[in-house]
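Per-entry structural report
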Amino acid sequence: MNPVAEKPVVETNKTTRSLTLVQAVTDALGTMLAEDDRVMLLGEDIGKNGGVFRATEGLQQQFGEDRVIDTPLSEAGIVGSSVGLAVNGMIPIVEIQFLGFVYPAYEQIATHVTRVRMRTMSKYTVPMVIRAPYGAGVRAPEIHSDSPESLFTHMPGIKVVCPSSPADAKGLLIAAIKDPDPVLFMEPMRLYRAVREDVPVGIYEVEIGKGKKVTEGDDVTVITWGAMVPVAKEAVEKAKAKGIQCDLIDMRTLFPLDKDIIAQSVQKTGRVVIVHEAHDTTGVGNDILSIINKNSFLYMKAPIEKVTGFDVPVPFFALEDDYLPSPKRVEEAIEKVYTF
Amino acid sequence: MEELFPITQYVNEEGTFSDDSIKEEITSELVHTFYYNMLRIRTFDRKAKSLQRQGRLGTYALFEGQEAAQVGSALSLKKDDWVFPTYRDHGALLTFGANMPKVLLYWNGRAEGNLHPDRNIFPPAVPIATQLPHAAGAAWADKRKGNKNVSIAYFGDGATSEGDFHEGMNFASVFKLPVVFFNQNNGYAISVPIDKQMNSKTIAQKSVAYGMPGIRIDGNDIFAVYFETKKAFDRARNGDGPTLIEAVTQRFGAHTTADDPTKYRDQDEVDSTRDQLDPLLRLERFMKEHKYWDEKWEQEISIKISEEIEQAVVEMENFPKANVEDLFDHVFAEMPWPLQEQKEQYLQSVRSDQ
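Residues numbered from 1 in each chain as written. Chains lettered and ligands numbered in written order. Predicted model: local features only at pLDDT ≥ 70, side-chain atom pairs only at ≥ 80, totals over all residues.

If you tally the helices and strands in chain B, you get 13 helices and nine strands. Relative to the 2.2 N^0.38 estimate, which gives 20 Å for 354 residues, the radius of gyration of chain B is 21 Å and therefore close to what a compact globule would have. Each of the 354 residues in chain B was classed as buried or not, and the buried ones make up 48%. (Helix = DSSP H or I, 4+ residues; strand = E, 2+ residues; numbered from the N terminus. Rg over C-alpha atoms; globule rule 2.2 N^0.38 Å. Buried ≥ 20, exposed ≤ 12 C-beta atoms within 10 Å, placed from the backbone.)

This is the structure in structure tokens:
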């Protein structure tokens, strides 16, 4: 078993490949399985079947049944046994089939995954990644479409990451795998195959805890992540046609939030719209509000608007478009803060 | 089902052999090791209770009555094995080689109490049964590494009602992991008796559902506990997978020092059967019967044990005060900015008081 640092980055003649987000996830997993023998993938249907979204396609064939494991249908068992694997030297990467199915494992995450370091004063640690597709908008059967990130951002001891592009997905996933602490890696299922992008070959990291600007503008700051990035982008483009220029920020990490990118933009625009598909109350949007309140209060020119999922259970898909923030709702919020 | 899972016993309440098939394996050294360790953890348990009553220790979980189960199961562990205890298994931990002052520190609300040098001891499971999947996972890692280490998960009768009991047993069984699931059936989960916990007559029979060996042993007979657990460890080390052991025992006292057992059981009855059930008395009778007993030796080890415990109490009480920085420093390897800010702000406030 070789620790990560000992192996050189594999050189290839191609420097990028055009990949979808889900292919970028597969690429990251395959790259790290090849890099570090301690890495193991565990999940339901991830082996022979390659995962219900094909995120682990071909990996069991390539790396064998003791590295890419079809587990029993048992979320607490998967996460719980991964705690044991992790404290005894492995790097388990767990796939929860849908983030809305994570609740049976919630006790293991809340009580053990996130607390082993604290309970043992860093003698034992849990370098584990919990990957899961999340969110609505793909006409999935009920309960498959939750976006429960704030259940985890509220939980001390775990980082929460949520990419919206293929290149970020690979770089953030590799960073999550190399992270010495647990990371919840949320994959926006409606973006799995939405776009292709040039993704670097081999190992690279996108730093956890750093957002990025998607568009630049001086009038309004729009802050979002994951599957809401394209929704917000559409609204930002429509606003632009009306002469409102927006900074669009993709947070990429939900804990710890990038307070600097928020302050830098908000102190310029003084007007903010926060967009997330999770329910409004106790959503991560409130943490962003709190950061703005603390660091940029005196720069504000208008009350902050939030465009979020409603405080209702994520509905059956006949109504999911009404539940989800739409470009129209975001655009209305942008206009509201702009004209305040 | 009870007929399919008869209780294995080698030495009965009177201290004589009910099954002497293990006779050849019994040495004077082994018998004395049993007695020494059982007396040691009983003395510790009583001291801890007394410390709690004096306000020198936090709420404490007592295990008196379960000494044979805890010593017998831990004695044949090897140094690199993994132990996944509950909060009532520090008798087993001390036998395995846990640091006694650290055990006391744990019960005094200190995280340092989980740092036992040179032993793989996971922090005690507080939420019930969550440690069974952990033990399966640690055993899985050892299986992948190709060594001969085993994991043992301790749990009580109440734990068998939890989902994690099933999930841990199932993983161990499906992946044929080197783990022993050691149940101490002491008849009560706090106040709820076993017949309200399950409608099955034994816990051992649950092994059938997982296709793994299950055995039911007299948990007050240290010979049964020691030899049967050792066999299970040997199977695990040889790649033959997990075993479920049900050690039928009892706790003589309360669930914890914060519990009053007279609310849910007749304590007089417990006390009246005590002479018959006490695992330490049984071993003493066996030793007297088989000429292993030596009054002078018993007195010597009693003194030695008391000294060790007193010394551990001194160490616990002289341990440096908890460091407020530790509140923040062991959540992540590298502290994220929200914690940094909170830490700095709080430390400033603390220092302004000084």
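This is not the end of the story, as more comes after the structure.
The helix and strand tally for chain A stands at 12 helices and 14 strands. Per-residue burial for chain A yields a buried fraction of 57% across its 340 residues. Long-range contacts, defined here as pairs at least 24 residues apart, represent 81% of the contacts in chain A between residues at least 6 apart. (Contact = placed C-beta atoms within 7 Å.)

In this section: the pairing of strand β4 (residues 91–95) of chain A. Residues and elements named next belong to chain A. Burial of β4 is extensive: five of the five residues sit out of reach of the surface. Residues Ile-91, Ile-93 and Glu-95 of β4 are buried on one face, and the alternating residues Pro-92 and Val-94, pointing to the opposite face, are buried as well. As paired elements, strand β2 (residues 39–43) and β4 share five bridges and run parallel to each other. Each residue of the ladder has a partner; that of Leu-42, found in β4, is Val-94. (Pairing = 2+ DSSP bridges.)

On to the sheet that holds strand β3 (residues 120–121) of chain B, then. Residue and element names in this part refer to chain B. Taken in spatial order, the seven strands of this open sheet run β1-β8-β9-β5-β4-β2-β3, and their pairing is parallel. Each having just a single partner strand, β1 (7–8) and β3 make up the two edges of the open sheet. Of the pairings in the sheet, the one linking strand β8 (residues 214–218) to strand β9 (residues 243–248) comprises five bridges and is parallel in character. Bridge pairing in β9 places Asp-218 opposite Val-248. Contacts from helix α5 (residues 131–145) reach β2 (82–84), β4 (151–156) and β5 (179–185), with the element oriented near 170 degrees to β4. (Axes fitted to C-alpha atoms, helices over the stretch in contact; angles between N-to-C directions.)

A few words now on the interface of chain B and chain A. At the interface, 34 residues of chain B touch 33 residues of chain A. If you list the elements that add at least two residues to the side of chain B that touches chain A, you get α5, α6 (163–174) and α13 (337–353) of chain B. Broken down by class, the residue content of the side of chain B that touches chain A amounts to 20 nonpolar, eight polar and six charged. (Nonpolar A, V, L, I, M, F, W, Y, C, P; charged D, E, K, R; others polar.)

It is worth spelling out helix α12 (residues 327–338) of chain A at this point. Residue and element names in this part refer to chain A. When the terminal C-alpha atoms of α12 are compared, their 16 Å separation across 12 residues agrees well with the 16 Å that a helix rising 1.5 Å per residue should span. Buried within α12 are the following residues: Val-330, Glu-331, Ala-333, Ile-334, Val-337 and Tyr-338. Seen from one end, α12 has its buried residues packed into an arc of 160 degrees, which puts them on one side. Those residues of α12 that are buried lie in contact with β10 (220–224), α8 (228–241), β11 (246–250), β13 (272–279) and β14 (305–309). (Expected span 1.5 Å × (residues − 1). Arc of directions from axis to C-beta.)

Bringing the nonpolar core into the picture now. One finds Val-222, Val-273 and Ile-334 of chain A together with Val-179 of chain B to be the most contacted residues of the largest nonpolar core, which totals 193 residues. The element best represented in this core is helix α8 (residues 222–237) of chain B, accounting for nine residues. Non-local contacts of Val-222 of chain A, meaning those with residues more than four positions away in its chain, are made with Ala-232, Val-236, Cys-246, Asp-247, Leu-248, Ile-249, Val-273, Val-275 and Ile-334 of chain A. (Core = buried A, V, L, I, M, F, W, Y, C linked by C-beta atoms within 7 Å.)

Excluding glycine, residues mostly have negative phi values, and the peptide bonds linking residues are mostly trans. Residue and element names in this part refer to chain A. In this model, Phe-255 is joined to Pro-256 through a cis peptide bond whose omega is -5 degrees. Topologically, Pro-256 is positioned in the loop between β12 (253–255) and α9 (259–269). A positive phi is found at Ile-143, a non-glycine position, where the angle reads about 70 degrees. The topology assignment puts Ile-143 in the loop between β5 (129–134) and α6 (149–153). Assessed through the 13 C-beta atoms surrounding it within 10 Å, Ile-143 is described here as partly exposed.

This part covers the packing of α9 of chain A against helix α10 (residues 284–296) of chain A. Residue and element names in this part refer to chain A. Two elements in contact, α9 and α10, have axes separated by 10 Å at closest approach and are oriented at 65 degrees. The two elements α9 and α10 cross, and the hand of that crossing is right-handed. Across from Lys-259, Ile-262, Ala-263, Val-266 and Gln-267 in α9, the residues of α10 making contact are Ile-288, Ile-291, Ile-292, Asn-295 and Ser-296. Taken together, the residues that form the contact of α9 with α10 break down as six nonpolar, three polar and one charged. (Left-handed = near helix turned anticlockwise from the far one by under 90°.)

Let us now look at the packing of α8 of chain A against α12 of chain A. Residues and elements named next belong to chain A. Closest axis-to-axis distance for the α8/α12 pair is 8 Å, and the angle between their directions is 50 degrees. Considering the angle they form, α8 stands oblique to α12. In the packing of α8 onto α12, the handedness of the crossing is right-handed. Within the contact between the two elements, α8 uses Val-231, Ala-232, Glu-234, Ala-235, Lys-238 and Ala-239 and α12 uses Pro-327, Val-330, Glu-331 and Ile-334. Along the lines of polarity and charge, the residues of the contact of α8 with α12 split into seven nonpolar, no polar and three charged. (Parallel < 35°, antiparallel > 145°, perpendicular 65-115°, else oblique.)

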